[in-house]
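So you can see what is in the structure, the chains are spelled out below.
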Amino acid sequence: MNTEILRIIEGGLTNDKRKVVSYSNRLADRLSQEGNTVLASCIRKKLEDTNLRSGVVADALRNAPLDLDSRLQIVEVIPPAGTINNIVLDPLTQSQIEEFVNIVLNSSKLEVQGLDIPKTLILYGHPGCGKTSIAHYISNLTGLPLVLARLDSLVSSLLGSTAKNIRKIFDYVRDFPSILFLDEFDAIAKARDDQKEIGELKRVINSLLQNMDSMPKHCVLIAATNHPELLDKAVWRRFLQKVEVGMPKDNALADLIHLFCGEGQEKIVNLILNTKGLMAIFEGMSPSDMKNLFDRAKVKGILAGQEDLSISHLLFSAYELQNGEKSEDKYIIYLKSKGLTQRTINELTGVSLRKIKSLTANR
């Protein structure tokens, strides 16, 4: 038995699926012979499900639905192996996401107990707060491929085609276990009492409701919106879990700074976390904006021939993003507005104390 386990590990580390499957079958046979039929059955079931899922997903990739008007694919299928692993969430959001993942992973157990719970989740909040990243994260945790609806193709210019495209997408995900992800959900789920909208919107909402109600048990639906107040109330009620994804604060903000600084950057991380003025720069920023900021600073460093992240590049990138200017005078005033002392500004930028004092007097 030890031989089989070692060969399975080897196969996993070298991405040799054939070796993993072969020795897993041998392990199941040996366990059966020794009387451990329960574990042997679990191994065979896992192999069967994996092979079935791999084959079905491969077929699904070849048969993605098209918009009849543009002839473009209206979905993109992303395997769980290619999804996001690193994600930073506040404790409440993390708990809510974990609860939803547990519902998905234990759906069979719930069904046995007579609980037919829809596996539906809606994420809402400001742009750039990580709603799409959470969908990828859930895909990774559940092992289910993410079927991303492409709204640029889904919303058709032809009257009635948008509702048909919605039906195509839901029909498509019925064929294999997956997560349907509808980003920018308000584009197809606006309230039907909106006087500015035409009858086409009502047909789209009705189609959406009918398809959500008839989703098979293996289907998982995640939607994301920046404007929850625009959603039709009937659509809103269809979601089992409603999670607000807010701006990062406190520990979540510190964790994001660690993540985006990268490995080996403890010195700059500690400087930021222990300097009130530096932390003030990131307050109110979305994770997306923060990543953009750190990436810009790293690019500046690489082009300047520096290997490590520079605090001066980071500060100037923040100034550029928030002000869109490259004036040194206004840059110094910006740093002073964040609560940095004149001495700290001098040390971080190299600008003379005399000039800093002159620019920041009475500020």
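Quick note: structure is the one above.
Heads up: these notes are all about the structure in this document. These numbers come from a predicted model, not from an experiment.

Below, the discussion takes up the overall build of the protein. The helix and strand tally for the protein stands at 18 helices and 6 strands. Counting all 363 residues of the protein, 42% fall into the buried class. Counting only contacts in the protein whose residues sit at least 6 apart along the sequence, the fraction spanning at least 24 positions is 68%.

Residues spaced three or four apart along an α-helix point in a common direction, a consequence of the helix completing one turn every 3.6 residues. Among all positions in helix H12 (residues 266-273), only Ile 268, Val 269 and Ile 272 are buried. In a view along the axis of H12, the buried residues occupy a sector of 105°, so they form one face of it. Those residues of H12 hidden inside the fold are in contact with helix H11 (250-261), helix H13 (276-282) and helix H15 (311-323).

Okay, the pairing of strand S4 (residues 178-182) next. A large share of S4 lies buried, amounting to 5 of its 5 residues. Of the two faces of S4, the one lined by Ser 178, Leu 180 and Leu 182 and the one lined by Ile 179 and Phe 181 are each fully buried. Of the strand pairs in this sheet, strand S3 (residues 146-149) and S4 are connected by 3 bridges, and their pairing is parallel. Within S4, the residue paired with Val 147 across the bridge is Leu 180. By the bridge criterion, 5 bridges tie S4 to strand S5 (residues 219-225) in an arrangement that is parallel. Bridging across to S5, Phe 181 finds its partner in Ile 222.

Moving on to the packing of H15 against helix H16 (residues 328-337). Packed helices, taken two at a time, are described by the angle between their axes plus the distance between the axes. Between H15 and H16, the least distance of the axes is 11 Å, while the angle of their chain directions is 100°. As far as their axial angle goes, H16 and H15 are roughly perpendicular. Residues Ser 312, Leu 315, Phe 316, Ala 318, Tyr 319, Gln 322 and Asn 323 of H15 lie in contact with H16, whose contacting residues are Lys 330, Tyr 331, Tyr 334 and Leu 335.

To continue, consider the packing of helix H14 (residues 287-303) against H15. The interhelical angle for the contact between H14 and H15, taken along N-to-C directions, is 125°, at an axis separation of 8 Å. The angle between the axes of H14 and H15 places the two elements in the oblique class. The handedness of the crossing between H14 and H15 comes out as right-handed. Mapping the contact onto sequence places Asp 289, Asn 292, Leu 293, Phe 294, Arg 296, Ala 297, Lys 300 and Gly 301 in H14 and His 313, Leu 314, Phe 316, Ser 317, Ala 318, Glu 320 and Leu 321 in H15. Within the contact of H14 with H15, the residues separate by chemical class into 7 nonpolar, 4 polar and 4 charged.

Another aspect to go through is the pattern of salt bridges. On inspection of all chains with the given rule, the structure shows 7 salt bridges. In this structure, Arg 174 engages Asp 171 in a salt bridge whose closest nitrogen and oxygen atoms are separated by 3.2 Å. Taken together, the shared-partner salt bridges in this structure form one network comprising Arg 296, Lys 300 and Glu 320.

It is worth spelling out the sheet that holds strand S1 (residues 75-78) at this point. Taken in spatial order, the 6 strands line up as S1-S3-S4-S5-S2-S6 in an open sheet, and their pairing is mixed. Strands at the two margins of the open sheet, each flanked by one partner only, are S1 and strand S6 (241-244). Shown here is a sheet whose adjacent strand axes are inclined to one another by a mean of 20°, direction ignored. Here strand S2 (residues 120-124) pairs with S6 via 4 bridges, running parallel. Looking at the pairing, Tyr 124 lines up with Glu 244 of S6. Sheet strands touched by helix H8 (residues 161-173): S1, S3, S4 and S5. Its angle to S4, the strand with the most contacts, is close to 160°.

Rules of the game
- Residues numbered from 1 in each chain as written.
- Predicted model: local features only at pLDDT ≥ 70, side-chain atom pairs only at ≥ 80, totals over all residues.
- Heavy atoms only, no water.
- Helix = DSSP H or I, 4+ residues; strand = E, 2+ residues; numbered from the N terminus.
- Buried < 20%, exposed > 50% of the residue type's maximum accessible area, 1.4 Å probe, protein only.
- Contact = heavy atoms within 4.5 Å.
- Arc of directions from axis to C-beta.
- Pairing = 2+ DSSP bridges.
- Axes fitted to C-alpha atoms, helices over the stretch in contact; angles between N-to-C directions.
- Parallel < 35°, antiparallel > 145°, perpendicular 65-115°, else oblique.
- Left-handed = near helix turned anticlockwise from the far one by under 90°.
- Nonpolar A, V, L, I, M, F, W, Y, C, P; charged D, E, K, R; others polar.
- Salt bridge = Lys/Arg side-chain N within 4 Å of Asp/Glu carboxyl O.

Shape is all these values report; function is a separate question.
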